Amino acid sequence: MHNLNETDITFYTPRSAWGCYIILLLVQLAFAWQYPLTTIQIGNRYFEGLYLLPVITILFVIISFIALRKTVHIYILNLLFFIIFHLIVGVMGYDWYIMEIATLFLALGIAAGIANNKGPDDIVKLFMEGCKDIMSAVLVVGLAGGIIVIMQDGKIIDTLLHLMATGMEGMGKVATVSIMYIIQNLINLIIPSGSAKAALTMPIMAPFSELIGLSKQATVMAFQFGDGFTNMITPTSGVLIAVLGVSRIPYEKWVAWIWKFMLVLIIIGFLLLIPTVLFKMNGF
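Treat the numbers as computed from the prediction; the structure is a model and nothing was measured. The residue numbers shown here count from 1 along each chain, following its written sequence. Reporting in this predicted model follows two pLDDT cut-offs: at least 70 for local features of residues, and 80 or more for side-chain atom pairs to be given and counted; totals over whole chains, interfaces and linings ignore these cut-offs and use all residues. No hydrogens and no water enter the side-chain calculation; it runs on all heavy atoms of the structure.

**Q** It is not clear to me how helix α3 (residues 72-94) should be interpreted in this structure. Could you clarify?
**A** Since there are 3.6 residues in each turn of an α-helix, residues three or four apart along the chain are aligned in direction. The end-to-end C-alpha distance of α3 is 31 Å, a good match for the 33 Å that 23 residues give at a rise of 1.5 Å each. Each residue gets one of three labels from its accessible area relative to the maximum for its type: buried under 20%, exposed over 50%, partly exposed in between, using a 1.4 Å probe on protein chains only. Runs of E in the DSSP output that reach at least two residues are strands. Runs of H or I that reach at least four are helices, and both are numbered from the N terminus. Those residues of α3 lying buried are Val 72, Tyr 75, Asn 78, Leu 79, Phe 82, Ile 83, His 86, Leu 87, Val 89 and Gly 90. In what follows, a contact means two residues having at least one pair of non-hydrogen atoms within 4.5 Å. Turning to α3, the residues buried within the fold contact α1 (15-34), β1 (38-42), α2 (52-70) and α4 (98-115). Just beyond α3, the residue with positive phi is Asp 95, at close to 55 degrees. Between the first and last residue of a helix there are one fewer steps than residues, each counted as 1.5 Å, and that sum is the expected span.

The structure is reproduced here in structure tokens:
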């Protein structure tokens, strides 16, 4: 009879895990030798001359060796942690983006399979099984991206923005910044990308705010608040749709659950916008 604290997991370390350890060690040594110093950018500050890759390599040698002496399961978790460390260094120090990050995690999957004594066929089979969980989400993300392309190439968004901006003429400052805030929230349902939304809306909103005496900072605050809250329900957000797809949560069920909380956040954002218009503040 099994005890409640017992599991059926067999702790072991195959030879392939040691082989994986040696290969990854050689790769990291090569990169540490080629890039001994790293410059990290945090905001507008630069931290130069950091021995990040050599330090990570040394830690990998020690911690991975200890993990392998225990079991391959701990070693694979250890690989995940070090992948995250390399991800942070790559993004902040070497301008990594989607391709580099995807390659990094692909390498993690292959290394984990080799360490667990899986052959090429088994690794590909497990990879395909994992893809099944996100394939439906990928299709929805592609269709959502198509909607954005149609609206941008068809100049639909520009027309809507022009109509909204002309409709605000003659309103007071509080009413104007409120309308801007509402417009940004509505546009965020269609264009979740902050940079794309800024490129479309700010060339219209910024000159208009100057004409009525509204500070540019207040306009930017309306943009920032409007850019965030509706991200939780926007159907064109690849991240949201992908996460809901993997979690097997229907979109309409998620919206029914989150809309009240999102509404509270929108109201709070509106209240925080009022002082930027009514009171004299530094930077405003």
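**Q** Would you take a moment to explain a nonpolar patch on the surface for this structure?
**A** Each patch is built from residues that are more than 30% exposed by relative accessible area and take part in no salt bridge. Like charges join if they lie within 9 Å; nonpolar side chains (Val, Leu, Ile, Met, Phe, Trp, Tyr) join within 5 Å. For every accessible area listed, the method is Shrake-Rupley and the probe measures 1.4 Å; residues are considered covered only by the protein chains on display. Salt bridges are identified by distance alone: a Lys or Arg side-chain nitrogen within 4 Å of an Asp or Glu carboxyl oxygen. A surface patch of nonpolar side chains, amounting to about 840 Å² of accessible area, comprises Leu 37, Tyr 51, Val 55, Ile 58, Leu 59, Ile 62, Ile 63, Phe 65 and Ile 66. In this structure, Ile 58 sits in helix α2. Its relative accessible area of 51% is what places Ile 58 among the exposed residues.

**Q** Honestly, the nonpolar core in this entry has me stumped. Any pointers?
**A** Burial of nonpolar side chains together is a common tendency in soluble globular proteins. Grouping buried Ala, Val, Leu, Ile, Met, Phe, Trp, Tyr and Cys residues that are joined through side-chain atoms within 4.5 Å yields what is termed a nonpolar core. Residues Phe 60, Tyr 75, Leu 79 and Ala 115 are the most contacted members of the largest nonpolar core, which totals 21 residues. Residue assignment for this core shows that the elements contributing at least two residues are α1, α2, α3 and α4. With seven residues, the top contributor of residues to this core is α3. The contact partners of Phe 60, leaving out residues within four places of it in the chain, are Tyr 21, Leu 24, Leu 25, Gln 28, Phe 65, Tyr 75, Asn 78, Leu 79 and Phe 82. One finds Met 180, Phe 225, Ile 258 and Leu 273 within the second-largest nonpolar core, a separate group that totals 19 residues.

**Q** Is there a simple way to think about the packing of aromatic side chains in this case?
**A** The description of two aromatic rings rests on the distance between their centres and on the angle between their planes. Ring pairs are drawn from Phe, Tyr and Trp, using the six-membered ring of Trp, whenever the two centres fall within 6.5 Å, and their geometry is named by plane angle: stacked under 30 degrees, edge-to-face over 60, tilted for the rest. Counted according to the given criterion, the structure contains nine aromatic pairs. For the ring pair Trp 18 and Phe 65, a centre distance of 5.7 Å and an interplane angle of 65 degrees mean the geometry is edge-to-face. Residue Trp 18 is located in helix α1, and its partner Phe 65 is located in helix α2; the two are separated by 47 residues in the primary sequence. Classification of Trp 18 as partly exposed rests on a relative accessible area of 29%. Aromatic side chains Tyr 35 and Tyr 94 sit 5.7 Å apart centroid to centroid with 65 degrees between the ring planes, which places their arrangement in the edge-to-face category. Taken together, the residues span a long stretch of sequence, with Tyr 35 in the loop between α1 and β1 and Tyr 94 in helix α3 at a distance of 59 residues. Assessed through its relative accessible area of 27%, Tyr 94 is described here as partly exposed. Ring-pair connections join several aromatic residues into one group, and the members of that group are Trp 18, Tyr 21, Phe 60, Phe 65, Phe 82 and Phe 85.

**Q** Could you clarify how one ought to interpret the packing of helix α7 (residues 173-188) against helix α9 (residues 216-226) in this entry?
**A** When two helices pack together, you describe them by how their axes are tilted relative to each other and by the distance separating the axes. Fitted lines through C-alpha atoms serve as axes, helices being fitted only where they are in contact, and the angles separating the N-to-C directions of these axes extend from 0 to 180 degrees. With their axes 8 Å apart at the nearest point, α7 and α9 run at an angle of 35 degrees to one another. Considering the relative orientation of α7 and α9, their crossing is right-handed. Note on element contacts: α9 touches α7 through Ala 218, Thr 219, Ala 222, Phe 223, Phe 225 and Gly 226, opposite Val 177, Met 180, Tyr 181, Gln 184, Asn 185 and Asn 188. Considered class by class, the residues forming the contact of α7 with α9 number seven nonpolar, five polar and no charged. A crossing counts as left-handed when the near helix is turned anticlockwise from the far one by less than a right angle, and as right-handed when that turn is clockwise. Basically, the charged four are Asp, Glu, Lys and Arg, the nonpolar ten are Ala, Val, Leu, Ile, Met, Phe, Trp, Tyr, Cys and Pro, and anything else, Gly included, counts as polar.

**Q** Whenever I open this one, unusual backbone geometry confuses me. Can you help?
**A** Most of the time, phi is negative for any residue but glycine, and the peptide bond is trans. Positive phi, close to 55 degrees, is recorded for Asp 95, a residue that is not glycine. Structurally, Asp 95 can be placed in the loop between α3 and α4. We classify Asp 95 as exposed; its relative accessible area is 66%. You will see that Asn 117, though not glycine, has its phi angle at about 65 degrees, which is positive. Relative to the elements of secondary structure, Asn 117 occurs in the loop between α4 and α5 (120-153). Of the residues examined, Asn 117 reaches a relative accessible area of 54% and is grouped as exposed.

**Q** Hey, could you run me through the confidence of the model for the chain in this one?
**A** It should be kept in mind that the predicted coordinates are not to be read in detail where pLDDT is low. For every residue, the pLDDT score states the predictor's confidence, bounded by 0 at the bottom and 100 at the top. A residue-level look at the chain finds 82% of positions with pLDDT of 70 or above and a mean pLDDT of 80. Segment residues 1-6 is flagged for pLDDT under 50; beyond a separation of four residues in sequence, or across chains, it makes one contact in the model.

**Q** Can you walk me through the side chain of Thr 57 in this structure?
**A** Summarising the element assignment, Thr 57 is placed in helix α2. Think of a polar contact as two N or O atoms within 3.5 Å of one another; within protein, one of them needs to be a possible hydrogen donor and the other a possible acceptor, and neighboring residues in sequence only count if both atoms come from side chains. One polar contact links the side chain of Thr 57 to the main-chain carbonyl oxygen of Leu 53, over a distance of 2.8 Å. With residues near it in sequence (within four places) discarded, Thr 57 still touches Leu 25, Gln 28, Leu 29 and Ala 32.

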